[in-house]
Amino acid sequence: MALSLLPISSPTFPLHHPPSSLYHHHPHRTKLQALVFRKFSLGKERVRGGFMGKKGGGFLWVSPSSSLSVCWASNGGGGDLGRDNYVEDDEAGDESEADDDADEYDEEISGSASVLPERWDVLGLGQAMVDFSGMVDDDFLERLGLEKGTRKLVNHEERGRVLRAMDGCSYKAAAGGSLSNSLVALARLGGKPIGGPALNVAMTGSVGSDPLGGFYRAKLRRANVAFCSEPIKDGTTGTVIVLTTPDAQRAMLAYQGTSSTINYDPCLVNLISKTNIFIVEGYLFELPDTIRTITKACEVAHRSGALVAVTASDVTCIERHYDDFWEIVGNYADIVFANSDEARAFCHFSSKESPESTTRYLSHFVPLVSVTDGARGSYIGVKGEAVYIPPSPCVPVDTCGAGDAYASGILYGILRGVSDLKGMGALAARIAATVVGQQGTRLSVRHASELAESFAYRIKSSTVGSDISSDHISSL
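Residues numbered from 1 in each chain as written. Predicted model: local features only at pLDDT ≥ 70, side-chain atom pairs only at ≥ 80, totals over all residues. Heavy atoms only, no water.

A. A look at the overall build of the protein. The helix and strand inventory of the protein stands at 14 helices and 19 strands. In the protein, buried positions account for 59% of the 476 residues. In the form shown here, the protein has an accessible surface area of approximately 19,200 Å², with 50% of it arising from carbon and sulfur atoms. (Helix = DSSP H or I, 4+ residues; strand = E, 2+ residues; numbered from the N terminus. Buried < 20%, exposed > 50% of the residue type's maximum accessible area, 1.4 Å probe, protein only. Areas by Shrake-Rupley, 256 points an atom, 1.4 Å probe, with all protein chains shown as cover.)

And the structure:
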């Protein structure tokens, strides 16, 4: 197996928890462990191959199909998820582009889908849910008493009421969920050995043995993301109805089904122990008894030397499960992904607090913090400092999935050994803008390949010196 060499530019950021007498205490917690940084500088040296993780004080890495038929189900009183009502959302973009991308990906993964790698670059633990997304007007939301920008948990009957109201409208079905959006984008960015070896991406979660569960597993497999959990016998797969208005805002209605059951078992332990980055979806915190599984899984990841990432997912989820979030974030997290509202919720800050100050505050407790702020840009926080990332220009069509796409860019940059925070953030912003400028939450294969090639060229042509001034980050 050939080792890949990649120049490391300054500043760099180690994601680890070294012992120190310096403690940062969160005002609302008593058990938060110390998180401080040790300077990690390689100068003009190159990183030699090694499994990427927290060992050695920094990031080191080495390189380590089937066709899908449409699935549909009649849900009786829960609403008809009929074949006539929706189409598969293979890729974002028009149908011809989707066909081209699907053919390209079938060729790329043919013959390799059944061979599991020795290690996973990224393993996600999240909600496995099928998304039904459609365009509606403001009057539609008003008639159903729904509010823009919200996510609401619904039961079987409430889901049926909304689907019946959508009768006659066309909507797309996709293997959704916030985390799976990020993992699919990451797998497509790393689907080819551009700037490094092809990436191995996997997900664990819970789906039923119903047709929607089969749909979900097959769609992820086709996107080169291995779904490693067996379906629950006689279980029902969760769904999310995503309603987008002409101003690119959306309302989401989540029906959990058996996605509310996440079990800690030897299979999960084995997967985590062979993972470089383990990422937990914040929506799992709202499920009963799941915190025990998350805690045990993060303990295994921590002992195995994997980086632990957590997505904030939703403000109300953080508010309802604040202590649980901080139990994981404070003790295990190396990376946290949040938008500005979610970051403020983490800190118990008011809405008047700026995203920059919130990012700086959180970065005292978590080695790397990513905070998005919509069309205003984003911030990456390290060691109490915040690097501003300007937004990438686009004409917004659908903001759903923007944060998920952004997270994939950060993960991709880390896995490619990049330490230039501004460059990494710029890539994440471009990926998010690409998704916002289309209908649907998924980064297409074509766009992913173009972005990966552009990013590799930028890294190759950049100098070892940093383009981040001392005003952004100092004393790394």
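Next comes the rest of the description.
B. Region of the structure containing the pattern of salt bridges. Across all of its chains, the model carries 10 salt bridges by this definition. Where Glu286 meets Arg320, a salt bridge forms, and the shortest distance between an N and an O atom there is 3.2 Å. On the criterion of sequence distance, the pair formed by Glu286 in the loop between β14 (275-280) and α7 (290-303) and Arg320 in helix α8 (residues 315-320) is long-range, its members being 34 residues apart. Assessed through its relative accessible area of 12%, Glu286 is described here as buried. Salt bridges sharing common partners tie together Asp138, Lys148 and Asp247. (Salt bridge = Lys/Arg side-chain N within 4 Å of Asp/Glu carboxyl O.)

C. Up close: the nonpolar core. Counting 74 residues, the largest nonpolar core has Tyr216, Leu243 and Ile410 as the members making the most contacts within it. Not counting chain neighbours up to four residues away, the residues in contact with Ile410 comprise Phe337, Leu368, Ser370, Ile380, Met424, Gly425 and Ala428. Counting residues in hydrophobic clusters, the runner-up holds 43 residues, among them Phe285, Val308, Phe325 and Phe365. (Core = buried A, V, L, I, M, F, W, Y, C linked by side-chain atoms within 4.5 Å. Contact = heavy atoms within 4.5 Å.)

D. Region of interest: unusual backbone geometry. The backbone of Asp234 sits at a positive phi, close to 60 degrees, despite the residue not being glycine. Assignment of secondary structure puts Asp234 in the loop between β11 (225-227) and β12 (238-244). For Asp234, a relative accessible area of 68% translates into the label exposed.

E. Region of interest: the environment of His348. When you line up the elements, His348 lands in the loop between α10 (340-347) and α11 (355-362). Through-space distance from the C-alpha of His348 to that of Tyr322 is 9.7 Å; in sequence the pair is 26 residues apart.

F. Representation of the sheet that holds strand β10 (residues 201-204) in the model. Within the open sheet, the 9 strands sit side by side as β11-β10-β6-β14-β15-β16-β17-β18-β19. Their pairing is mixed. Each edge of the open sheet carries a strand with a single partner, namely β11 and β19 (385-389). This sheet shows a mean twist of 20 degrees between the axes of neighbouring strands, independent of strand direction. Alignment of β14 against strand β15 (residues 307-311), held across 4 bridges, turns out to be parallel. Residue Ile279 lies in a different strand from β15, and its bridge partner there is Ala309. Contacting β10 and β11, helix α5 (residues 211-222) runs over the sheet at an angle of about 150 degrees to β11. Contacts from helix α13 (residues 421-436) reach β18 (378-382) and β19 within the one sheet, and its direction differs from that of β19 by about 45 degrees. (Pairing = 2+ DSSP bridges. Axes fitted to C-alpha atoms, helices over the stretch in contact; angles between N-to-C directions.)

G. α13, seen in detail. Helix length check: α13 (16 residues) gives 22 Å between terminal C-alpha atoms against 22 Å at 1.5 Å per residue, within 8%. The buried count for α13 comes to 12 of 16 residues, which makes it a mostly enclosed element. Within α13 the residues assigned to the buried category are Leu421, Gly423, Met424, Gly425, Leu427, Ala428, Ala429, Ile431, Ala432, Ala433, Val435 and Val436. Tucked inside the fold, the buried residues of α13 contact α4 (178-189), β18, β19, α12 (402-415) and α14 (445-461). At the N-terminal end of α13, a side-chain oxygen is found 3.2 Å from the backbone nitrogen of Lys422, two or three residues along, and the residue is Asp420. (Expected span 1.5 Å × (residues − 1). Polar contact = N/O pair within 3.5 Å; in protein donor to acceptor, adjacent residues only side chain to side chain.)

H. How the structure looks around helix α3 (residues 156-165). Within the span of α3, buried status applies to Arg159, Gly160, Val162 and Leu163. In a view along the axis of α3, the buried residues occupy a sector of 165 degrees, so they form one face of it. Of the exposed residues in α3, the ones pointing more than 90 degrees away from its buried face are Glu157 and Arg164. For α3, the N-terminal cap is Asn155; the gap from its side-chain oxygen to the backbone nitrogen of Glu157 is 3.1 Å. (Arc of directions from axis to C-beta.)

I. Just the packing of aromatic side chains, in detail. In the structure shown here, the tally under the stated rule is 9 aromatic pairs. Residues Phe285 and Phe325 carry aromatic rings whose centres are separated by 4.0 Å and whose planes lie at 20 degrees to one another, so their mutual orientation is stacked. Residue Phe285 is found in the loop between β14 and α7, and its partner Phe325 is found in helix α9 (residues 322-331); the two are separated by 40 residues along the sequence. Here the two residues Phe285 and Phe325 agree in accessibility, since each one is buried. (Phe/Tyr/Trp six-rings, centres within 6.5 Å; stacked < 30°, edge-to-face > 60°.)

J. Expanded view of the pairing of strand β6 (residues 120-125). Counting buried positions along β6 yields 6 of 6 residues, so the element is predominantly enclosed. Where β6 lies against β14, 5 bridges are found, and the strand directions are parallel. Its bridge partner being in β14, Trp120 is matched across the sheet by Thr275. Summarising the sheet, β6 and β10 pair through 4 bridges and their orientation is parallel. Opposite Leu123, over in β10, you have Ala202 as the bridge partner.

K. Representation of the packing of α9 against α10. Where α9 contacts α10, the axes come no closer than 10 Å and their chain directions differ by 90 degrees. Put simply, α9 runs roughly perpendicular to α10. Contact residues: α9 offers Tyr322, Phe325, Trp326 and Val329, while α10 offers Ala345, Phe346 and Cys347. Here the residues of the contact of α9 with α10 are counted per class, giving 7 nonpolar, no polar and no charged. (Parallel < 35°, antiparallel > 145°, perpendicular 65-115°, else oblique. Nonpolar A, V, L, I, M, F, W, Y, C, P; charged D, E, K, R; others polar.)

L. Main features of the packing of α13 against α14. Axis separation between α13 and α14 bottoms out at 11 Å; the angle between their running directions is 160 degrees. Looking at the two axes, α13 sits roughly antiparallel to α14. Along this stretch, α13 crosses α14, giving a crossing that reads as right-handed. From α13, Gly423, Leu427, Arg430, Ile431 and Thr434 reach across to α14, where they touch His447, Leu451, Ser454, Phe455 and Arg458. (Left-handed = near helix turned anticlockwise from the far one by under 90°.)

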